[in-house]
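# Close look at the chain arrangement
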Amino acid sequence: MSWLDTHSQARGRFSLGTTAVSAEPEINLIPFIDVLLVVLIFLMISTTFTRYQELAITLPTANGSETQTESKQVHVAVSRDGRFAINGKVTDPPQLSNALAQLSSKDSSLQVNIDADAKAPHQAVMTALEAARDANLSNIVFSSQTKK
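The shown structure was predicted, so the numbers you read here are calculated from the model rather than taken from an experiment.

Counting 19 residues, the largest nonpolar core has Val-76, Val-78, Leu-96, Leu-100 and Ala-128 as the members making the most contacts within it. Mapped onto this core, the elements with two or more residues apiece are strand E2 (73–78), strand E3 (84–86), helix H4 (93–106), strand E5 (111–116) and helix H5 (122–134). In terms of residue count, the dominant contributor to this core is H5 (five residues). Excluding residues within four positions of it along the chain, Ala-128 makes contact with Val-76, Val-78, Phe-84, Leu-96 and Ile-114.

The next subject is the sheet that holds strand E4 (residues 89–91). One open sheet holds the five strands; their spatial order is E4-E3-E2-E5-E6, and the pairing between them is mixed. The open sheet has two edge strands, E4 and strand E6 (140–142), and neither has a second partner. Strand-to-strand twist of the sheet, defined as the mean angle between neighbouring strand axes without regard to direction, takes the value 30°. Pairing of E3 with E4, which is carried by three bridges, proceeds in the antiparallel orientation. Residue Ala-85 lies in a different strand from E4, and its bridge partner there is Val-90. Contacting E2, E3 and E4, H4 runs over the sheet at an angle of about 15° to E3.

With respect to the secondary-structure elements, Ser-97 resides in helix H4. Between the alpha carbons of Ser-97 and Glu-130 there is a distance of 7.9 Å; along the sequence they are 33 residues apart. Contact partners of Ser-97, with chain neighbours within four places excluded, come to Ala-131, Asp-134 and Ala-135.

So, about the pattern of salt bridges. In this structure the tally under the stated criterion is three salt bridges. Its salt-bridge partner being Asp-117, residue Arg-80 comes within 3.8 Å of it at the nearest N-O pair. Of this pair, Arg-80 sits in the loop between E2 and E3 while Asp-117 sits in the loop between E5 and H5, and the two are 37 residues apart along the sequence. Residue Arg-80 is classed as partly exposed on the basis of its relative accessible area, which comes to 45%. In this structure Asp-117 comes out as buried when scored by relative accessible area, which is 4%.

This next bit is on unusual backbone geometry. Positive phi values are uncommon outside glycine, yet Asn-87 reaches one of about 50°. Along the chain, Asn-87 falls in the loop between E3 and E4. Taking relative accessible area as the criterion, Asn-87 reaches 43% and is therefore assigned partly exposed. Even without being glycine, Asn-136 reaches a positive phi, approximately 60°.

Conventions we followed
- Residues numbered from 1 in each chain as written.
- Predicted model: local features only at pLDDT ≥ 70, side-chain atom pairs only at ≥ 80, totals over all residues.
- Heavy atoms only, no water.
- Core = buried A, V, L, I, M, F, W, Y, C linked by side-chain atoms within 4.5 Å.
- Buried < 20%, exposed > 50% of the residue type's maximum accessible area, 1.4 Å probe, protein only.
- Helix = DSSP H or I, 4+ residues; strand = E, 2+ residues; numbered from the N terminus.
- Contact = heavy atoms within 4.5 Å.
- Pairing = 2+ DSSP bridges.
- Axes fitted to C-alpha atoms, helices over the stretch in contact; angles between N-to-C directions.
- Salt bridge = Lys/Arg side-chain N within 4 Å of Asp/Glu carboxyl O.

Quick look at the structure:
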């Protein structure tokens, strides 16, 4: 008895191409979800937020009453690290007086509202005051927050 005789019975079971079994196509969702999560993480990291473009300041507190004046105001914010912003737009210290001069040329009765952080350097507040003086703006007020 040879090897061919003993395995000839099994030949029909293992032959290729005699019986075609059709495989159902299926969609594997796990790689699809992985790709979507990577895209979501990429979009979350690459998105810019406008909150980080503003100066974060903490106003000092005061016990005075608010005045009810109806005048045009220019807000000059001074951060704790000495940076400046005019009406929410960050500006350099050398350009501060030029920007205030341009605003005062449009309206000479502007009120300069200096919003200085409680821990802002005194020199930065003095620079804002000098810039207002150089722009011929004499109506200057300081912002504070009320104690709670």
